[in-house]
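Residue-level structure breakdown
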Amino acid sequence: MSERLEDIAEAMVATGQGILAADESTGTIKKRFDQIGTENTEDNRRDYREMLFRSTEAMNYYISGVILFDETIRQKAADGTPLVELIRKAGAVPGIKVDKGAKPLAGFPGETVTEGLDGLRERLAEYYELGARFAKWRAVIDISEDDGLPSSTCIQANAHALARYAALCQEAGIVPIVEPEILMDGPTAAHDIETCYEVTEWTLNTVFSELFQMDVMLEGIVLKPNMIVPGKNAPIQAAPEEVAELTLRCLKATVPAAVPGIAFLSGGQSDELATEHLHLMNAAGSLPWKLTFSYGRALQQAALKAWGGKPENVAAAQAAFLHRAKMNGLAAKGEWQK
Ligand code: 13P
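Here's a quick rundown of the structure. (Residues numbered from 1 in each chain as written. Predicted model: local features only at pLDDT ≥ 70, side-chain atom pairs only at ≥ 80, totals over all residues.)

1. Remarks on the overall build of the protein chain
A count of helical and extended segments in the protein chain gives 13 helices and ten strands. Against the globule reference of 20 Å for 338 residues, the protein chain gives a C-alpha radius of gyration of 19 Å, in line with a compact fold. Split into buried and exposed, the 338 residues of the protein chain put 49% on the buried side. (Helix = DSSP H or I, 4+ residues; strand = E, 2+ residues; numbered from the N terminus. Rg over C-alpha atoms; globule rule 2.2 N^0.38 Å. Buried ≥ 20, exposed ≤ 12 C-beta atoms within 10 Å, placed from the backbone.)

Written out as structure tokens, the structure is:
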């Protein structure tokens, strides 16, 4: 595989393919395992992810890259093959979550700033040696209209950190996934779709301004935004066509055409809606960038449930994963059908 940043980024958003976000921290995967009554042990985490990465058809045809957690990038399959090797053999690019999580922003109650810049240059060099060719950093913006959130300080601080992370990644030969997530399922999450539009537009404009300040090469990044949706608890939910239309409008107004691809997070949308929204956007006509998925929950939920922590369910879980991967692969080409 070529090692130019532009080529790695292109491969990550290859036509009809998208990214599997399997980078749940040990605490987050515990929440997922709790839902299926499975103990959160290192072996179970390995078995679960090995099951996904050995889903040959899904991985070969529909998955362009996999985001890993620090533990996983070092893990070996039960037969001793490094998990990174399984991903590479399937023709997908291994990636790594490098942020250290969203931490309370001092002086701004209810808001967070994502940490992890200290020592990042050294960590990226090690991850490169371990096989990572892209990375992910997630900034979290919460909308709470009663509390006047988000503040411009929160958006600015997170955009600045994203840009410093992105510059360090490119220096290390690693493509940064730039992920500013406006939460749809935050603590209150009753905002309407227009508010999501405004906050996303504001955030993306700030992020691209900071990327420019840090001299980040836009051809060598992948943007991972939220779609424009109302809060989970909003009294009025939106039709899929409205989500698609507003999301496209917002991205066209903020994302330079030099960016090769946009890979959405699912953020708490149902599996099928996450697919339908992506499909509608791709079916709407030609766009300056590729539009695909970088889903965690919307790709894994069905497979996790089918697996249930039991080795005898591996084939059923892989079939469930294949189905979602295939549906999203079709949606990435605007060819999905209900
Ligand atoms: P979801 O698709 O479950 O939102 O996860 C994607 C992700 O990587 C969040 O950082």
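2. Describing the site of the ligand
Near the ligand, the surroundings consist of Ala21, Arg138, Glu179, Leu265, Ser266, Gly267, Tyr295, Gly296, Arg297 and Ala298. Partitioning the shell around the ligand into residue classes produces four nonpolar, three polar and three charged. (Near = placed C-beta within 6 Å. Nonpolar A, V, L, I, M, F, W, Y, C, P; charged D, E, K, R; others polar.)

3. Details of the nonpolar core
By size, the foremost hydrophobic cluster in this structure holds 103 residues, and its most contacted members are Met12, Ala135 and Val175. Per-element accounting of this core gives the leading share, nine residues, to helix H8 (residues 152-171). In this view, Ala135 contacts Gly95, Ile96, Val98, Leu124, Cys169, Ile174, Pro176 and Ile177; residues no more than four positions away in its chain are not counted. (Core = buried A, V, L, I, M, F, W, Y, C linked by C-beta atoms within 7 Å. Contact = placed C-beta atoms within 7 Å.)

4. Here's the deal with unusual backbone geometry
Trans is the prevailing form of peptide bonds, just as negative phi is the prevailing case for residues other than glycine. The peptide bond linking Leu149 to Pro150 adopts the cis configuration, its omega dihedral lying at 5°. As for its placement among the helices and strands, Pro150 is situated in the loop between strand S6 (134-141) and H8. Although it is not a glycine, Ala189 sits at a positive phi angle of roughly 50°. Among the structural elements, Ala189 can be located in the loop between strand S7 (175-182) and helix H9 (193-213). Positive phi values are uncommon outside glycine, yet Asp215 reaches one of about 60°.

5. Observations regarding the packing of helix H11 (residues 271-283) against helix H13 (residues 314-331)
Put simply, H11 and H13 touch, their axes get as near as 8 Å, and they point 20° apart. By the angle between their directions, the pair H11 and H13 is classed as roughly parallel. Across the interface between the two elements, Asp271, Thr275, Leu278, His279 and Asn282 of H11 pack against Arg324, Met327, Asn328 and Ala331 of H13. Residue composition of the contact of H11 with H13, by class: three nonpolar, four polar and two charged. (Axes fitted to C-alpha atoms, helices over the stretch in contact; angles between N-to-C directions. Parallel < 35°, antiparallel > 145°, perpendicular 65-115°, else oblique.)

6. So, helix H10 (residues 240-254)
In this model, H10 (15 residues) spans 21 Å end to end at C-alpha, consistent with the 21 Å of a helix rising 1.5 Å per residue. Looking at H10, one finds that the buried residues are Val243, Ala244, Thr247, Cys250 and Leu251. End-on view of H10: buried residues confined to an arc of 140°, all on one side of the axis. For H10, the exposed residues set more than 90 degrees away from the buried face come down to Glu241, Lys252 and Ala253. At its buried positions, H10 is contacted by H9, strand S9 (261-264) and H11. (Expected span 1.5 Å × (residues − 1). Arc of directions from axis to C-beta.)

7. Here we look at the pairing of S9
Of the two faces of S9, the one lined by Gly261 and Ala263 and the one lined by Ile262 and Phe264 are each fully buried. The parallel pair strand S8 (residues 222-223) and S9, bridged by H10, forms a crossover whose chirality is right-handed. Here S9 runs beside strand S10 (residues 290-295); their pairing, made up of four bridges, is parallel. Residue pairing for S10: Phe264 is matched across the bridge by Phe293. Read from S9 through H11 to S10, the crossover connection turns out right-handed. (Right-handed = clockwise from strand over helix to strand, strands pointing away. Pairing = 2+ DSSP bridges.)

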